[in-house]
Amino acid sequence: MRDALGAVQSVLVLGGNSEIALAIVDRLVEGRTRRVVLAVREPDSAQRSVDRLTAVGVDASAIAFDALQPETHAEVLGAVFAEGDIDLVISAFGILGSQPEFDADPMFALRAINANFGGAVTSGLIVADHLRRQGHGTLLMITSIAALRGRADNYVYGSTKAGQDLFAQGLGDALVGSGARVVVVRPGFVHTRMTEGMKPAPFSTTPDKVAEVVVEGLTKGRELIYAPSILRYLFAGLIHAPRLIWRRLGG
Amino acid sequence: MPSTPPEPAAALAVPRSTELFGWGRTAPTGADLRRPTSATELRRALPDPNPRGLLARGLGRSYGDAAQNSGGRVIETIDVDSFTIHESDPAADHVLVTADAGVSIDRLLHSLVPAGLFVPVTPGTRYVTVGGAIAADIHGKNHHRKGSWCDHVESLRLQIADGSIVEIGPDRDPELYWATAGGMGLTGVILDATFRCPRIGSSRLLVDTDRAPDLDTVVELMATGDADYDYSVAWIDLMATGSSMGRSVLTRGRFATAEEVGGGPRSDPFDYRAGVIASAPPFVPGGLLNGLTVRAFNEVWFRKAPKMRRDELQTIPTFFHPLDMVAGWNRIYGPGGFLQWQFVIPFGTEPILRRIIEDLSAAGCTSFLAVLKAFGAGNASPLSFPAPGWTLALDIPTGVPGLAPLLDRLDDLVVEAGGRIYLAKDSRVRPELVPQMYPRLDEWRSVRERVDPQRRITSDLARRLSL
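Quantities reported herein were computed from a predicted structural model and do not represent experimental measurements. (Residues numbered from 1 in each chain as written. Chains lettered and ligands numbered in written order. Predicted model: local features only at pLDDT ≥ 70, side-chain atom pairs only at ≥ 80, totals over all residues. Heavy atoms only, no water.)

Some thoughts on the overall build of chain A
- Helix and strand counts for chain A stand at nine helices and seven strands.
- Computed over C-alpha atoms, the radius of gyration of chain A comes to 17 Å, within 12% of the 18 Å expected from 2.2 N^0.38 for 251 residues, which places it in the range of a compact globule.
- Projected onto its principal axes, the C-alpha positions of chain A cover 50 × 35 × 35 Å.
- Buried residues in chain A amount to 54% of all 251 residues.
- A total accessible area of about 11,200 Å² is found for chain A, and carbon and sulfur atoms account for 56% of it. (Helix = DSSP H or I, 4+ residues; strand = E, 2+ residues; numbered from the N terminus. Rg over C-alpha atoms; globule rule 2.2 N^0.38 Å. Buried < 20%, exposed > 50% of the residue type's maximum accessible area, 1.4 Å probe, protein only. Areas by Shrake-Rupley, 256 points an atom, 1.4 Å probe, with all protein chains shown as cover.)

Examining the pattern of salt bridges
- Under the definition given, this model contains 49 salt bridges over all chains.
- One salt bridge connects Arg428 of chain B with Asp411 of chain B, and the closest N-O pair in it is separated by 2.7 Å. Remark: Asp411 of chain B occurs in helix α12 (residues 403-416) and Arg428 of chain B occurs in the loop between β19 (420-421) and α13 (434-437); sequence separation between them is 17 residues. Here Arg428 of chain B and Asp411 of chain B have matching classes, each one buried.
- Via salt bridges that share partners, Asp3 and Arg32 of chain A together with Asp408, Asp411, Asp412, Arg428 and Arg430 of chain B belong to a single interconnected network. (Salt bridge = Lys/Arg side-chain N within 4 Å of Asp/Glu carboxyl O.)

Brief notes about the interface of chain A and chain B
- Between chain A and chain B, the contact holds 19 residues from the first and 28 residues from the second.
- Together chain A and chain B conceal approximately 1,900 Å² of surface at their shared face, both sides included; 54% is due to carbon and sulfur atoms.
- In terms of surface lost to chain B, no three residues of chain A exceed Met1, Leu5 and Arg32 of chain A, which account for 31% of the buried area on that side.
- For the pair chain A and chain B, the number of links is three salt bridges.
- Taking the shortest distance from any N to any O, the salt bridge between Arg52 of chain B and Asp85 of chain A comes out at 2.7 Å.
- Across the contact surface, chain A and chain B share 13 residue pairs in polar contact (both at pLDDT 80 or more). (Contact = heavy atoms within 4.5 Å. Buried area = accessible area lost by both parts, 1.4 Å probe. Polar contact = N/O pair within 3.5 Å; in protein donor to acceptor, adjacent residues only side chain to side chain.)

Considering the environment of Glu87 of chain B
Residues and elements named next belong to chain B.
- Here Glu87 shows up in the loop between β5 (83-85) and β6 (94-100).
- Residue classification places Glu87 among the exposed residues on the basis of a relative accessible area of 79%.
- Spatially, the C-alpha atoms of Glu87 and Val97 are 9.2 Å apart, while their sequence positions differ by 10 residues.

Observations concerning the sheet that holds strand β5 (residues 137-142) of chain A
Residue and element names in this part refer to chain A.
- The seven strands lie next to each other as β3-β2-β1-β4-β5-β6-β7, forming an open sheet whose pairing is parallel. Looking at the sheet topology across the chains shown, the edges are occupied by β3 (59-64) and β7 (224-227). For this sheet the average axis-to-axis angle between neighbouring strands, irrespective of direction, equals 15°.
- Note that strand β1 (residues 10-14) and strand β4 (residues 88-91) share four bridges and pair parallel. Its bridge partner being in β4, Leu12 is matched across the sheet by Val89.
- Docked against the sheet, helix α2 (residues 47-55) engages β2 (35-40) and β3, running at close to 165° with respect to β3. (Pairing = 2+ DSSP bridges. Axes fitted to C-alpha atoms, helices over the stretch in contact; angles between N-to-C directions.)

Thoughts on the environment of Gly419 of chain B
Residue and element names in this part refer to chain B.
- Residue placement: Gly419 occurs in the loop between α12 and β19.
- Assessed through its relative accessible area of 6%, Gly419 is described here as buried.
- On a C-alpha basis, the gap between Gly419 and Phe343 in space is 7.0 Å, while along the polypeptide they are 76 residues apart.

Describing the pairing of β3 of chain A
Residue and element names in this part refer to chain A.
- Both β2 and β3 contribute to a ladder of six bridges, which runs parallel. For Leu38, the partnering residue across the bridge sits in β3 and is Ala62.
- You can see the chain leave β2, run along α2 and come back into β3, and the turn it takes is right-handed. (Right-handed = clockwise from strand over helix to strand, strands pointing away.)

Brief notes about the domain arrangement of chain B
Residue and element names in this part refer to chain B.
- Parsing chain B into structural domains produces domain 1 (83-200) and domain 2 (204-433).
- A straight line from the C-alpha centre of domain 1 to that of domain 2 covers 24 Å.
- Of the roughly 3,000 Å² buried between domain 1 and domain 2 on both sides combined, carbon and sulfur atoms contribute 60%.
- Interface area lost by domain 1 to domain 2 is led by Arg126, Lys141 and His144, which between them contribute 25%. (Domains from an automatic or database assignment.)

Description of the packing of helix α3 (residues 73-82) of chain A against helix α5 (residues 106-134) of chain A
Residues and elements named next belong to chain A.
- One can describe the packing of α3 onto α5 by two numbers: an axis separation of 10 Å at closest approach and a directional angle of 35°. Taken as a pair, α3 and α5 cross one another with a handedness that is right-handed. Across from His73, Ala74, Leu77, Gly78 and Phe81 in α3, the residues of α5 making contact are Gly119, Thr122, Ser123, Ile126, Val127, His130, Leu131 and Gln134.
- Grouping the amino acids of the contact of α3 with α5 by side-chain chemistry returns six nonpolar, seven polar and no charged. (Left-handed = near helix turned anticlockwise from the far one by under 90°. Nonpolar A, V, L, I, M, F, W, Y, C, P; charged D, E, K, R; others polar.)

Notes on the confidence of the model for chain B
- Of the residues in chain B, 95% reach a pLDDT of 70 or more, and the chain-wide mean stands at 92.
- Long-range and interchain partners of residues 6-13 of chain B, a stretch whose pLDDT sits below 50, account for three contacts in this model, where long-range means more than four residues apart. (pLDDT = per-residue confidence, 0-100.)

Some points on α3 of chain A
All names here are of chain A.
- The set of residues buried in α3 consists of His73, Val76, Leu77, Val80 and Phe81. Buried residues of α3 fall within an arc of 130° about the axis and therefore sit on the same side. Relative to its buried face, α3 has exposed residues pointing more than 90 degrees away, namely Glu75 and Ala82.
- For α3, the secondary structure elements touched by its buried residues are β1, β2, β3, β4 and α5.
- Directly after α3, the chain includes Gly84, whose backbone phi takes a positive value near 150°. (Arc of directions from axis to C-beta.)

Regarding unusual backbone geometry
- Omega for the bond connecting Ala227 of chain A with Pro228 of chain A falls within 30 degrees of zero, at -5°, which places this linkage in the cis form.
- Note on placement: Pro228 of chain A falls in the loop between β7 and α8 (230-238).
- For the peptide bond that leads from Leu46 of chain B to Pro47 of chain B, omega is -5°, which places it in the cis range.
- Looking at the element boundaries, Pro47 of chain B is found in the loop between α2 (39-43) and β3 (54-57).
- Despite not being glycine, Met184 of chain B shows a phi value in the positive range, around 55°.
- Inspection of the secondary structure assignment puts Met184 of chain B in the loop between α6 (174-180) and β9 (189-198).
- Positive phi, normally seen in glycine, also occurs at Arg455 of chain B, with a value near 55°.
- Within the secondary structure, Arg455 of chain B is located in the loop between α14 (441-451) and α15 (460-465).
- Taking relative accessible area as the criterion, Arg455 of chain B reaches 32% and is therefore assigned partly exposed.

This is how it looks when you write it as structure tokens:
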């Protein structure tokens, strides 16, 4: 159960090798979290994380989950919830890809859409149904600041995230009154394996800093979290900036 | 216009859900809320087929998740509220009252006080039900002399998970009775109870007030003087630091006799008016209660109290239920809500009491007045909270930075002292500490196993703390 100060006892991570999600988990296990399920494409790939969590007394496990096989989502997620309540589901999987890669291979763009948007919708709907039935629980959707406005250098990725972000907002509203809720996290540029070699955008951040902001937001019961927080105010303006200016800023 | 698709079967299978939270307005969860209007309808709730179980709920005054059952069924008992004041020998010092679990102390007092009677125990609010009073084994300002609510119960009827109704009491299946006393509603649905209500000489109290400049003084005053009073409690300013750390206003009293109330136009010695004089606005922004406003409030409150006053006549609402005058006062903490932390530690561990208060003062924890009281003896219940020692209760907004680790540290001090926290107030304790705080937890679990092996009666508190 989630407690009065936002601490959760059980966590499921979809995309359990995500550095941001693991940084969030590391902070949560310092609090009340005692059960962690890492859902990843190859369970072996998460073994080091499982061992690390087990060493600090957490009941940790890794299960097979593939965002690109939506027909399997109901069964995989059903098995997790059958083992006990999940207080927090972190939806953190995704394909980043660079715009030149997408330009060169439209089918790769489709894969990104199917994973980032399609997979988030199928797994999100299934998770929401379980949370509604258990009468509590939070679905934390990690979207992106790139979801807010199309940019020449990442519009395929940005549009997958825009779909996911909009879906999460609506789902959150649909769950009002059920005890379940959705929290949307919009990180800016985060230094991870996924972004290695890319040119960092202004106000870039790290997984640990994102985790800090997210855990604070969970404690305060926020529904929308920007990481770093300043992006909220920056984008309140940028979203309305004339396109000419936006293009120049976008580089 | 697009046509509306048919309702999917999955959505139909999920029962209509209502979000419920405790008095602290934190961690709401959804449940299938039912509100039976008759005793017959109430009894039909069990046995319950819902896999996530069932829980009875009264007025929702427990601070955390004790009266929530996420995804399951919650039966609000407050519309089933009849009670009987039994005939008795006028010479007897008490009268028996039988009341449905949904009857509130508020309702009881409106009938009892004009008849020269009072409830055996009242907490700081009269908006608690008889069922809740038993489930939390509530205590009040008279604990040092009269114990807690369940010390005054003759018998009660409990509907257990299989639907059968059992009558229990201290002399009839005492094991189940004492597991139900303070059992947080987890042994079954309490239907009604018969308890002893004491006679009073009037509806006023004779109150002595002492202003104590620091913690040592108030502890000394209580340790040496409480025995002379029926009711005693100290309000302590946790924001005061340095030499005035622990400064308090101690109020103690007893019911006045009709003669002591004296004559005059409003001279009915059993006159009882308890009302609400104000209501908190429906929405209050967060942050209204901050270090500055609370410190200022506490300062004014301490200075306006008399240094020492004797035999002041006070009404029941003023003495027992001052906060009830503001309806929905819990909303002043804003949308983030608040929590209450209440512990008891044994007499003889005063250095730990001091350390806890020092830590709270040093943390600058935005806390309105906290309540300090010396408890008397506990009872036979494995999960009842009161035990001989010092109990301190304080309300804290959840937004206070660093609150979670601070309270975790303080919980450790409580355990170190051999104390415990009050489950009816809890919303965040570490589950692994509960067996240390309540060493007879396993004994309680075995009784629960006997009456509800499938855990069909459950709550969010039970889930969170793995009770």
